[in-house]
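# Descriptive structure summary
Chain by chain, the residues:
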Amino acid sequence: MTDTAALMPRRREMHPDPYYPDYKTSITRSPSLPLLSMESTPSEETGPRFGHNKLGALDNNLICNYTQGKALAVGERIRVHGRVLDELGRPVPHTLVEIWQANAGGRYRHIKDTYFAPLDPNFGGCGRTITDENGYYEFMTIRPGAYPWPNRANDWRPMHIHFSIFGHAFGQRLISQMYFQGDPLIDLCPIAATIRNRSQLDRLVAPLDMQNSRGMDYLAYKFDIVLRGRRQTMFENKPEGM
């Protein structure tokens, strides 16, 4: 299945600072020459879409999807839910939402993650779902742990979950991160600090949602994703108009 959706140029002033010396690797990765804006081609505007038939029954339950229900991951159980919306607050249905994260000890199931926190044999760290007619999605997962990273002498990443939102054409993929309300490491993180506007950074912080928590079971966090407009979510790779 294909669809046509031309890409719109990025609004660079809405992006985090590409050069931020406290974020050490930005020094070598940030552009050193003027940026060029190029028109999109059919390869970005059309292409395969992910379909409902590719999703499994446990794909949005990271607590047990790695073992297909045979064992449960270790850690604090949480529910992460919300809606994908456009700039007018209208729901964006049938959108693929993917997440990936560290385990409760702050370690990813990845060959390059050498943090000495143990791997959880029952936790894979990734999941996916498709928004319903009202743009709603939800995941059951484990609260990820904070972890140190080799930036300055003692830098730690706050607890966070990575989000990917896949639209209606091959070039329509947006990537972001969700932080947790009350985490003191947010204000100490050089990556978060590249977002200079505090109101924009706050849009990446999911508030505790006691109304949708379940007693003696899990806490809930609500994270709405707004694709465009004044209340838009900040995206790491954000082409405007997606």
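Residues numbered from 1 in each chain as written. Predicted model: local features only at pLDDT ≥ 70, side-chain atom pairs only at ≥ 80, totals over all residues. Heavy atoms only, no water.

If you look the protein chain up in an unreviewed UniProt entry, it shows as Protocatechuate 3,4-dioxygenase from Marivita geojedonensis. In UniProt, the protein chain has this text filed under Sequence similarities (unreviewed entry): "Belongs to the intradiol ring-cleavage dioxygenase family." (UniProt positions renumbered as here; feature names shortened; annotations may be inferred.)

### A closer look at the overall build of the protein chain
Helix and strand counts for the protein chain stand at four helices and 11 strands. Classification of the 242 residues of the protein chain by burial places 46% in the buried group. Of the contacts formed within the protein chain by residues at least 6 apart in sequence, a portion of 69% connects residues at least 24 apart. (Helix = DSSP H or I, 4+ residues; strand = E, 2+ residues; numbered from the N terminus. Buried < 20%, exposed > 50% of the residue type's maximum accessible area, 1.4 Å probe, protein only. Contact = heavy atoms within 4.5 Å.)

### Things to note about the sheet that holds strand E7 (residues 160-166)
Spatial ordering of the open sheet is given by E3-E2-E7-E8-E9, a layout of five strands whose pairing is mixed. Strands at the two margins of the open sheet, each flanked by one partner only, are strand E3 (126-130) and strand E9 (205-206). Judged from the five bridges that link them, strand E2 (residues 96-100) and E3 form a sheet pairing that is antiparallel. Residue pairing in the sheet places Glu98 in a bridge with Arg128 of E3. (Pairing = 2+ DSSP bridges.)

### Topic: the layout of surface pockets
In this structure, the largest pocket encloses a volume near 1,200 Å³. Forming the boundary of the largest pocket are 40 residues, of which Tyr23, Arg29, Gln177, Ile191 and Glu236 lie nearest the centre. Within the residue set of the lining of the largest pocket, elements represented by two or more residues are helix H1 (26-29), strand E5 (147-149), E7, strand E8 (173-180) and helix H3 (190-193). When its residues are assigned to classes, the lining of the largest pocket shows 19 nonpolar, 12 polar and nine charged. (1 Å grid on protein atoms, 1.4 Å probe; cavity = no way out; pocket = protein on both sides within 12 Å on 5 of 7 lines; lining within 4 Å. Points joined across faces, edges and corners; volume = space filled by probe spheres on them. Nonpolar A, V, L, I, M, F, W, Y, C, P; charged D, E, K, R; others polar.)

### Digging into unusual backbone geometry
Of note in the backbone geometry, Gln68 takes a positive phi value of approximately 55 degrees without being a glycine. Unlike most non-glycine residues, Met216 shows phi in positive territory, near 60 degrees. You can see Met216 is positioned in the loop between E9 and strand E10 (219-222).

### Things to note about the environment of Ala206
Turning to its location among the elements, Ala206 is positioned in strand E9. Take Ala206: its relative accessible area is 0%, and that puts it in the buried class. For the pair Ala206 and Gln181, spaced 25 residues apart in sequence, the C-alpha to C-alpha distance is 5.7 Å. With residues near it in sequence (within four places) discarded, Ala206 still touches Met178, Tyr179, Phe180, Gln181, Tyr221, Lys222 and Phe223.

### Considerations on the nonpolar core
Soluble, globular proteins show a tendency: their nonpolar side chains are buried together. Judged by nonpolar contacts, the single largest core of 28 residues is most densely connected at Tyr137, Phe163, Met178 and Ile225. Broken down by secondary-structure element, the contributors of at least two residues to this core are strand E1 (77-85), E2, strand E4 (136-142), E7 and E8. When residues in this core are grouped by element, the largest group, four residues, is from E4. (Core = buried A, V, L, I, M, F, W, Y, C linked by side-chain atoms within 4.5 Å.)

### Some remarks on the side chain of Asn103
Within the secondary structure, Asn103 sits in the loop between E2 and E3. For Asn103, a relative accessible area of 4% puts it in the buried group. Setting aside chain neighbours within four positions, we find Asn103 in contact with Pro118, Leu119, Asp120, Phe123, Arg143, Pro144 and Gly145.

### Digging into the environment of Arg157
With respect to the secondary-structure elements, Arg157 resides in strand E6 (residues 155-157). For the pair formed by Arg157 and Gly145, sequence separation is 12 residues and the distance between their alpha carbons is 9.0 Å. Side chain to side chain, Arg157 and Gln177 meet in a polar contact 3.3 Å long. (Polar contact = N/O pair within 3.5 Å; in protein donor to acceptor, adjacent residues only side chain to side chain.)

### Regarding the pattern of salt bridges
Applying the stated criterion across every chain yields a total of 11 salt bridges. Across the pair Arg152 and Asp155 runs a salt bridge whose closest N-O atoms are separated by 2.8 Å. Note that Arg198 is salt-bridged to Asp202, the shortest N-O span being 3.0 Å. With a gap of four residues between them, Arg198 and Asp202 both fall in helix H4 (residues 198-202), about one helical turn apart. Note on Asp202: relative accessible area 37%, which makes it partly exposed. Put simply, Asp22, Arg152 and Asp155 are held in one network by salt bridges that share partners. (Salt bridge = Lys/Arg side-chain N within 4 Å of Asp/Glu carboxyl O.)

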